[in-house]
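So you can see what is in the structure, the chains are spelled out below.
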Amino acid sequence: MPSARIVRRQGSVVSASSDYFKSPGCFTCSCMRPRYKRLVDNIFPANPQDGLVKTNMEKLTFYSLSSPEKLDRIGEYIFQRASRDISRKKTCYVIIAMEAMDQLLSACHSQTLNLFVESFLRMVQKLLESTEPDLQVLATNSFVKFANIEEDTPSYHRRYDFFVSKFSSMCHNNATDIQVRKTLRLAGIRGLQGVIRKTVSDDLVENIWEPVHMDKILPSLLFNMQESERYPEVVGCCSLLPCHNKLIQGVVSLTGVHQGTYYKGGNGTRDDRDPNEPGVLADTCIRELVGRASFGHVGSLLRPVLRHLDQHSLWVPNEFAVHTFRIIMSSIQTQYSYAVVENLMSHLDSNINSSAKIRTSIVNVLSKIIAISAEESVGPSVLEIINSLVGHLKNSVTKREDFGEEIYREALISCLGEFSAHLPDYQKVEIMVFIVSKVPVGDVSGPEKLLQEMLLKSLLIISKKYTNVSMTTTFPVLLLEPMLRLCGNLEMTTLVQGVFHTLLDRQGNLEKLRRPRIYPMHLKTEPCSRADTVFIRKYGEDIYGRILDAMSLPGNSLRTYSSLYTTLALVAIELISLSTITSYLTAVYSIQEVATTQAGLSTKQKFHLHAICITLLHLILSILQIQPLGDYCDKVIEQRKNRAPYLLPDLKEDYGNISSEIEPDLLLDQNKVESMLRESGLDTGVLTRALTHRHSWVENTSVSMKGSVTDLNNLDLDSANSTPGLQRKYPEEELSFEAMKRILSDNNEQRKAENRRKQAELCLAFRTTAFSEIVNNNTVKDEDTLQTKLMELLQKNLPPVNPLPLQTDGPIYEVLFPELFAY
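Here the structure is a predicted model, which means the values were calculated and not measured.

Calculation notes
- Note that residues are indexed from 1 along each chain, following the sequence as it is written.
- Local features in a predicted model are, by the rule used here, given only for residues with pLDDT of at least 70; side-chain atom pairs are given and counted only at 80 or more, and totals for whole chains, interfaces and linings are based on all residues.
- Side-chain numbers here rest on the full set of heavy atoms in the structure, without hydrogens or water.
- Helix numbering and strand numbering both begin at the N terminus, where a helix is a DSSP run of H or I of at least 4 residues and a strand a DSSP run of E of at least 2.
- Residue burial is assigned from relative accessible area. The probe radius is 1.4 Å, only protein chains are included, and a residue is buried under 20% of its type maximum, exposed over 50%, and partly exposed in between.
- Throughout, a contact is declared for two residues whenever any of their heavy atoms are within 4.5 Å.
- In this description, accessible areas are obtained by the Shrake-Rupley approach with a 1.4 Å probe, and a residue is regarded as covered only by the protein chains that are shown.
- Residues grouped as a nonpolar core are buried Ala, Val, Leu, Ile, Met, Phe, Trp, Tyr and Cys residues, joined through side-chain atoms within 4.5 Å.
- To estimate how far a helix should reach, multiply one less than its number of residues by 1.5 Å.
- Each polar contact in these results corresponds to two N or O atoms within 3.5 Å; when the atoms are within protein, one needs to be able to donate a hydrogen and the other to accept it, and residues that are neighboring in sequence are counted only if both atoms are side-chain atoms.
- Every angle, taken between N-to-C directions, lies between 0 and 180 degrees, and every axis is a line fitted to C-alpha atoms, over only the stretch in contact when it is a helix.
- These descriptions rest on fixed angle ranges, namely under 35 degrees for roughly parallel, over 145 for roughly antiparallel, 65 to 115 for roughly perpendicular, and the rest for oblique.
- Any residue outside Ala, Val, Leu, Ile, Met, Phe, Trp, Tyr, Cys, Pro, Asp, Glu, Lys and Arg is labelled polar, Gly included; the first ten of those are nonpolar and the last four are charged.
- By definition here, a salt bridge exists when the distance from a side-chain nitrogen of Lys or Arg to a carboxyl oxygen of Asp or Glu is within 4 Å.
- The predictor attaches a confidence to each residue, and that confidence, scored 0 to 100, is pLDDT.
- Between 30 and 60 degrees the pair is tilted, below 30 it is stacked and above 60 it is edge-to-face, where a pair is any two Phe, Tyr or Trp rings, Trp via its six-membered ring, whose centres lie within 6.5 Å.
- Each ring is checked for a lysine NZ or an arginine CZ that lies within 6 Å of its centre and within 35 degrees of its normal; such an atom marks a charge sitting over the ring.
- Here a patch means residues that are over 30% exposed by relative accessible area and free of salt bridges, tied together within 9 Å if like-charged and within 5 Å if nonpolar (Val, Leu, Ile, Met, Phe, Trp, Tyr).
- By construction, the arc corresponds to the directions joining the helix axis to the C-beta atoms.
- For the purposes of this analysis, a disulfide is any pair of cysteine sulfur atoms at a distance within 2.5 Å.

Some points on the overall build of the protein chain
If you tally the helices and strands in the protein chain, you get 36 helices and four strands. In the protein chain, which comprises 823 residues, the proportion classed as buried is 48%. Taking all contacts inside the protein chain whose residues are at least 6 apart in sequence as the whole, residues at least 24 apart take part in 72%. Carbon and sulfur atoms form 53% of the exposed surface of the protein chain, whose accessible area is close to 43,000 Å².

Structure representation (structure tokens):
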């Protein structure tokens, strides 16, 4: 008996054989199916090679729009058919089902999209789980289309964990066929790009910034950026199914990237690489991801990047690391750029015990990107970065000295300079003040001495980026004071003077003043401003005094003298005017005094000082055009050329066996200089006195020049000035008009020679005489002490004061003021 099927229709029971349902004149089983299923079945052709039936697809789309409540059932039914076709290896029918899904997705209104999306995502997931590359590419293209659709109502329960994991694994595909490998990697990158677009801007869906997702997305993108250009292009057909070659050829049709608009390195240079390369697409994806990051997401973004560079040893060499961070810095929102630098600095802190090469590479990456963040760094963030760099310098000087550590320190200094170069000038001054406060003071050795050198080099490189407008602004007390104090350090003098040179030189004359020269140098000059005149009047004596002390050091080399000369020459050009020339000439004349009276200097050093003295005088007179004094200077120069050329520039390392005795007429005569200044109508009061306040800051900070013969010569051994009521007496001096006139008119060379002899005898006595004998010779007797005098005064009987009479003939006011009560 043939098999029969029972069909219920309007209360009647019909028994029929299978042949009955095949009869063309009767209804079939499909007539009893829901309409949406019949519409879905009709979109599939009898021959799968014919593709989707477009007319029936239009009917299905119209039905979906007319009955949106059926969308979820339509999607579920298409998913069931596609799942069955996948298991039966009917790939062409699966492609038709996915195409139908895509058309319904694009036709649906955003209000009803959630009814269909769940089935759509299940369909995409099913295809991604397939082992066939063409189905994975097909699913990726559909997901990208879905990601570009904006939904009005977010789905709170929708999750994308599977898609992040699957697309990340596709980015690492290592198929044997290079073309298949490239295609799947491109699909994976595009899939990650779709996930980012779908989730990053919606706070109600899954947080894509969580480490569980970032640890998969960013390493996958970086891997393709790192590896893609290593694979050669292969021309030929892929080994996929013939009916699906168009999927591979159009794999990048939905990337959303325009041809020919790629830029690399964040520096605006055009990148002509193929946009269909995985590395280029990964570059674009990272830019998009970084551009959407907020301040709180910067750490989550950079942590996997730094871990990837560490685990794959990509710091040395660091070309890829530099390229990656340039992409990040050029894509991130400008107000968050400094956070990238802070995270990279923290990573440098964590690698403090790593090799010098790794630390140097990290610092080099910082140098390349730190300029971008400098403009957005304000307030504490600036000093925090500077303090961190200085801290690494301090740590480096304590490590074992080798070539790698030296390169690392130079990289830190260069990084510091790059950061400072893009800051405003007022912040550069603050940074210089901060750095100079960290410089060790006093006589140091070992690591502290090296730290001194490194910090001064940092100060020098920052000063080269600074634009000097006003000396008062450029040299605040907190910067000028410690720098002048460092001038007394013999080994650091050249570096300190280098900082002064770059900060003082506003006219571009530095290269012409590197060494003393007499002949005209065609210098560029401008009149000294009022503010600069006030500055040099306030701090001039301190500056001159510290430079003179530095010149007095016995260990000075020719290089040191040249740097000190350059400083004074720049001061003359930038700060000296007719109102302040006398104090400057006092400093110049004091250089000659150091050369003639300083016993610890060698003959070569004395010749250097004499040459510097005459060169500075010639320079300042050529600038200010004081004719009488200029003629006198030219006369002295001419005499030295004829009789003592070694007292003129150029400075030499060896002068042979030349006596240090110099004839008086070859030296500058203070009296003649004074008289010529008076002839020019200038005040000579400053020139007649010495630099009495040369150590005002040094005294306050308890730092002095130890063992200086000049200080010993100027030492006041008499305590008369500190004794009340006792004045110093000079038995040989006659304070009268005739005596003053004689001093001004007579030649005082003999008097000066006598004074120098007495000072030499005094110095010799204190160096050779026993201490007890010095005490006995310079101690006053008991009867002359202050205590004895006070006791004598207290023991005297003073006469009593007559009191007012207690008995009076009238009121006391009439007695005291009788004129007021006279009648």
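Now that the structure has been shown, we can carry on.
Overview of the nonpolar core
Judged by nonpolar contacts, the single largest core of 203 residues is most densely connected at F325, I435, I576, Y584 and I620. Judged by nonpolar contacts, the second largest core, of 11 residues, contains F607, L651, Y655 and I662.

What to know about helix α9 (residues 178-199)
Residues that lie three or four places apart on an α-helix share one face, since the helix turns once every 3.6 residues. With 22 residues, α9 should cover 32 Å at 1.5 Å per step; its first-to-last C-alpha distance of 32 Å lies within 8% of that length. Extensive coverage of α9 is indicated by the burial of 18 of its 22 residues. The opening residue of α9 is D177, an N-cap whose side-chain oxygen sits 2.9 Å from the backbone nitrogen of Q179.

Digging into the packing of helix α24 (residues 530-551) against helix α26 (residues 581-597)
It is the contact of α24 with α26, at a shortest axis distance of 10 Å, that shows an interaxial angle of 10°. Judged by the inter-axis angle, α24 sits roughly parallel to α26. For the pair formed by α24 and α26, the contact residues are Y544, L548 and M551 on the first element and S583, Y584, A587, S590 and I591 on the second. Each residue belonging to the contact of α24 with α26 can be placed in one class, and the counts come to six nonpolar, two polar and no charged.

Here's the deal with the side chain of Q452
Here Q452 is to be found in helix α20 (residues 447-463). Non-local contacts of Q452, meaning those with residues more than four positions away in its chain, are made with V439, P440, V441, G442, V444, L486, N489 and M492.

Some words on the environment of M345
Inspection of the secondary structure assignment puts M345 in helix α15 (residues 337-350). The sequence separation of M345 and V363 amounts to 18 residues, and the corresponding C-alpha distance is 8.5 Å. Look past the residues within four positions of M345 in its chain and what remains in contact with it is L366, I385, S388, L389 and H392.

Points about the pattern of salt bridges
In total, this model carries 26 salt bridges according to the counting rule given. The closest approach of N and O atoms between E410 and K457, which form a salt bridge, is 3.6 Å. Here E410 is found in helix α18 (residues 403-421), whereas its partner K457 is found in helix α20, with 47 residues between them in sequence. Where E491 meets K449, a salt bridge forms, and the shortest distance between an N and an O atom there is 2.5 Å. Linking E491 in the loop between α22 (477-486) and α23 (493-504) with K449 in helix α20, this pair joins segments that are 42 residues apart in sequence. On the basis of relative accessible area, K449 is assigned to the partly exposed category, the value being 30%. Through salt bridges with shared partners, a single network forms among R197, E288 and R292.

Here's the deal with the confidence of the model for the protein chain
Per-residue pLDDT for the protein chain averages 78, and the proportion of residues at 70 or more is 75%. Of the regions scoring below 50 in pLDDT, residues 692-731 engages in 47 contacts with residues more than four places distant in sequence or in other chains.

Things to note about the packing of aromatic side chains
Under the counting rule described, the total for this entry stands at 17 aromatic pairs. Ring centres 5.2 Å apart and planes at 55° place the aromatic pair F535 and Y539 in the tilted group. Taken together, the residues F535 and Y539, both in helix α24 and four residues apart, mark about one turn of the helix. The two residues F535 and Y539 agree in class, both being buried. It is R81 that lies over the ring of F44; its NZ or CZ is 4.1 Å from the centre.

Observations regarding a nonpolar patch on the surface
Residues I812, L816, F817 and L820 make up a contiguous nonpolar surface patch of roughly 400 Å² in combined accessible area. Structurally, L820 can be placed in the segment after α36 (812-816).

Structural notes on helix α2 (residues 35-42)
Turning to α2, its buried residues are Y36, L39 and V40. Viewed end-on, α2 has its buried residues packed into an arc of 100°, placing them on one side of the element. Elements that come into contact with the buried residues of α2 comprise α3 (54-66) and α4 (71-87).

Looking at the side chain of S220
When you line up the elements, S220 lands in helix α10 (residues 211-227). Of note is the side chain of S220, whose polar atom sits 2.6 Å from the backbone oxygen of K216.

Thoughts on the state of the cysteines
Tallying each qualifying case throughout the model produces zero disulfides. The thiol of C633 is not disulfide-bonded; the next cysteine sulfur, from C613, is found 8.9 Å away. On the basis of relative accessibility, which here comes to 1%, the residue C633 falls in the buried class.

What about unusual backbone geometry?
At the junction of V316 and P317, the peptide bond is cis and its omega measures out at -10° in the coordinates. Residue D650 is reached from P649 by a cis peptide bond, and omega for that bond is 5°. Secondary-structure assignment places D650 in the loop between α28 (627-643) and α29 (670-679). Unlike most non-glycine residues, K89 shows phi in positive territory, near 65°. Among the secondary structure elements, K89 is positioned in the loop between α4 and α5 (91-107). For K89, a relative accessible area of 61% corresponds to the exposed category.

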